[in-house]
Each structure stands twice: as structure tokens, then as C-alpha cells.
Amino acid sequence: MSIRISKLLFLLWILPQQILAQSSLEIVPGNKYTIHSDVLGETREYRVGLPDSYDSDSASDRKYPLLLVLDGPSHFRYVSGMLSSMSANRNGSRRVPEMIVVGLASTNRERDFTPDKIVTRRKNDSGGADQFLEFVEDELLPELQEKYRLSRYNILFGHSLGGLFAVHTYLQEESSFDALLAIDPSFGTWDAEKMDEKIAAMSDGPFGRYLYIATANWGTRNIGNRDRHVRFFESLRKRNGSDRFRARLNYFEDENHQSIPLIAFYQGLTTLFREFNSQAGN
């Protein structure tokens, strides 16, 4: 990561914080909505950030990609701000297209983001990822498509357990998502045997999607964490068996589990659309 990009990311992060510090009002971008899920049996909250051009007369017929951000309260603010800057066409600075950003709030991350039931001495709610994915694809996305001008190109962003859910979504035979950004996914229960089982069971469908995995430096715990990500990535590459493997893995040596989302979002999204634009030009 160049010094210039690092400075840009720092400014994008610190300037809004300084503005907030000078005001007694809490400024949270995006309108807040709720959706009741019959699948989950509960109501979920989400925020929506629209592109600057959305309400302009010149873009009245334009449709936009969707960026769905898991753990919305943690990530929606900076993702929306960075995307606004990255998609602005000022002096040729545009790196990615404008998008509609939706930040989905979590209620039970352990339940919703984990694909497998984890057996422990204490009772736990793990293993509900399939049900949560059903809610997202069959209830949330149709509501968003009805309310907004979406292009039906969908991107999913998840960090930690949310990153694990993003990988699980990628592995599905069919998916409503075209690209998955898995930021330092929590592979704690995915040992070599589990990874081999997942990859052996997958079809060729996922290879039509884009997968970005970012892995952080956990210090003394780093070897096990990074090795799991690398092993999974290389196993996917081997299973793909062709030169057209639409996946990337980046290791951020100077970032830990908590600091990586900001910089990995920038890198993952620009990498995705660099490839996207390259293919469009062929």
C-alpha cells in the first residue's frame, strides 16, 4: 500500500470525525428502515445511502449496483463516505461506479453468520447462516429492488464472522451476489478437513463470481490465521483448474483484525472493478 493511498484513507477517516467533534448532533448518513422477516421471525433494521446522482434529472433512468454491508452500525458510515469519494468523477478521480449502499444491522452474529453448528459444552446458537441467507435473498433483496433502481449487480461486504458468511455465500451453487468481499474471515472452525469437505461439495457455479479475501496480521496468532486463509484460497484455485480464477487474496502485514476493514474495503473494491473494467474492454 503506497504512502499516498495511506494518507488518503487517513483523511477520509479523520475529517468526518473532526466535523462530528465540533457538533453536538450525531450525524449518521443514510435513511433508516426496518423489515420484518418471516424467515427469521424478527424485525431487522437497515440504513440506505443513495449516490449523489440518484435524484438528478440526468440520472432518472440510471440503475445502480448494490453494496450490502453486514454489521451495518460498525461499517456503514466509513464505507458510504469512502465510496462517495471513490465514485466521484472529479478530475478523472473515479475508481468505481456509484452504488446504493445498504448497511444491515445484526442481532445475533454467532447464529446468522456461521454455516455450521459448533458443538460446545455450553448451548449456542451457531449454524444459522443458511436461514440468514434465505432472509437476505428472498426477503431483503426483493424489498430493495422494489424500492430502488438497482441494476441487479450485487456485492456483499463482511468482516470477521461476516467475512465467514461472505465466503459461505460465495460457495453456494446459485447466489444473488456477483462479488463477495470477505475481510479477515473467522475460519476458526474450518480446519483442513472442513475446508476439503466444503470445496469437494461445491459446484462450478461459484467460479462465475468474484471473491476477495483480506487477511490481517494477528501477531503471535498470525501463522494459524493466515495459513487457513491461504490454504482455502489455494484449494479453491486448484479446484478451479483453469487460468480464469476470479479470486484474490491480500495479506496486510501492518493491519490487525480491527484495523483491516477500512483499508481492505478500498483495496478490495478497486481490485474488483479493475478486473471488471478489464473484462469489459475485451
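Reading the values: the criteria
Residues numbered from 1 in each chain as written. Predicted model: local features only at pLDDT ≥ 70, side-chain atom pairs only at ≥ 80, totals over all residues. Heavy atoms only, no water. Buried < 20%, exposed > 50% of the residue type's maximum accessible area, 1.4 Å probe, protein only. Helix = DSSP H or I, 4+ residues; strand = E, 2+ residues; numbered from the N terminus. Pairing = 2+ DSSP bridges. Contact = heavy atoms within 4.5 Å. Polar contact = N/O pair within 3.5 Å; in protein donor to acceptor, adjacent residues only side chain to side chain. Salt bridge = Lys/Arg side-chain N within 4 Å of Asp/Glu carboxyl O. Expected span 1.5 Å × (residues − 1). Axes fitted to C-alpha atoms, helices over the stretch in contact; angles between N-to-C directions.

Caption draft 1: Seen up close, the pairing of strand 2 (residues 42-49). With respect to burial, strand 2 is a largely interior element, six of its eight residues being buried. In this structure, strand 1 (residues 31-37) lies alongside strand 2, joined through seven bridges in antiparallel fashion. From the neighbouring strand, Lys32 faces strand 2, where its bridge partner is Arg47. Between the antiparallel neighbours strand 1 and strand 2 lie four residues, among them Gly41 with a positive phi of about 70°. Where strand 2 lies against strand 4 (residues 100-104), four bridges are found, and the strand directions are antiparallel. Bridging from a neighbouring strand, Arg47 pairs with Gly103 of strand 4.

Caption draft 2: Main features of the environment of Ser186. Among the structural elements, Ser186 can be located in the loop between strand 6 (179-183) and helix 6 (192-201). Given a relative accessible area of 22%, Ser186 falls into the partly exposed group. Sequence separation of Ser186 and His229 is 43 residues, and the distance between their C-alpha atoms is 9.3 Å. Among all residues touching Ser186, those that are not within four sequence positions of it are Ser160, Leu161 and Leu164.

Caption draft 3: Layout of the side chain of Asp116. Structurally, Asp116 can be placed in the loop between helix 3 (109-112) and helix 4 (129-147). On the accessibility criterion, Asp116 (17% relative accessible area) is buried. Of note is the side chain of Asp116, whose polar atom sits 3.2 Å from the side chain of Trp190.

Caption draft 4: The arrangement of the pattern of salt bridges in detail. Tallied over the entire structure, the rule returns twelve salt bridges. Close ionic contact of Glu45 with Lys32 constitutes a salt bridge, the shortest N to O distance being 4.0 Å. Of the two residues, Glu45 sits in strand 2 while Lys32 sits in strand 1, which places them 13 residues apart along the sequence. The exposure class of Glu45 is partly exposed, given its relative accessible area of 33%. According to the relative accessible area criterion, Lys32 is partly exposed, its value standing at 47%. Across the pair Arg237 and Glu234 runs a salt bridge, and its minimum N-O distance is 3.2 Å. Placement of both Arg237 and Glu234 in helix 7 (residues 222-240) is noted, with a separation of three residues, approximately one turn of the helix. Each of Glu42, Arg44, Arg111 and Asp112 takes part in one network of salt bridges that share partners.

Caption draft 5: Structural context of helix 2 (residues 72-86). In this model helix 2 runs 19 Å from its N-terminal to its C-terminal C-alpha over 15 residues, within 8% of the 21 Å that 1.5 Å per residue would give. Those residues of helix 2 that sit buried are Gly72, His75, Phe76, Tyr78, Val79, Ser80, Met82, Leu83 and Met86.

Caption draft 6: Region of the structure containing the sheet that holds strand 6. With mixed pairing, the eight strands of this open sheet are ordered in space as 1-2-4-3-5-6-7-8. The sheet is open, and its two borders are formed by strand 1 and strand 8 (247-252), each paired with just one other strand. Here the average twist between neighbouring strands, direction ignored, is 20°. Where strand 5 (residues 150-159) lies against strand 6, five bridges are found, and the strand directions are parallel. Its bridge partner lying in strand 6, Gly158 is registered against Ala182. Lying on the sheet, helix 2 is in contact with strand 2, strand 3 (64-70), strand 4 and strand 5; it crosses strand 4 at an angle near 165°. Against the sheet, helix 4 engages strand 1, strand 2, strand 3, strand 4 and strand 5, with an angle of about 130° to strand 1.

Caption draft 7: Up close: unusual backbone geometry. The backbone of Asp71 shows a phi angle near 55°, a positive value even though the residue is not glycine. Considering the arrangement of structural elements, one finds Asp71 in the loop between strand 3 and helix 2. For Asp71, a relative accessible area of 8% puts it in the buried group. Backbone geometry places Arg152, a non-glycine residue, at a positive phi of 70°. When you line up the elements, Arg152 lands in strand 5. Given a relative accessible area of 57%, Arg152 falls into the exposed group.

Coordinates in, geometry out; function isn't part of it.
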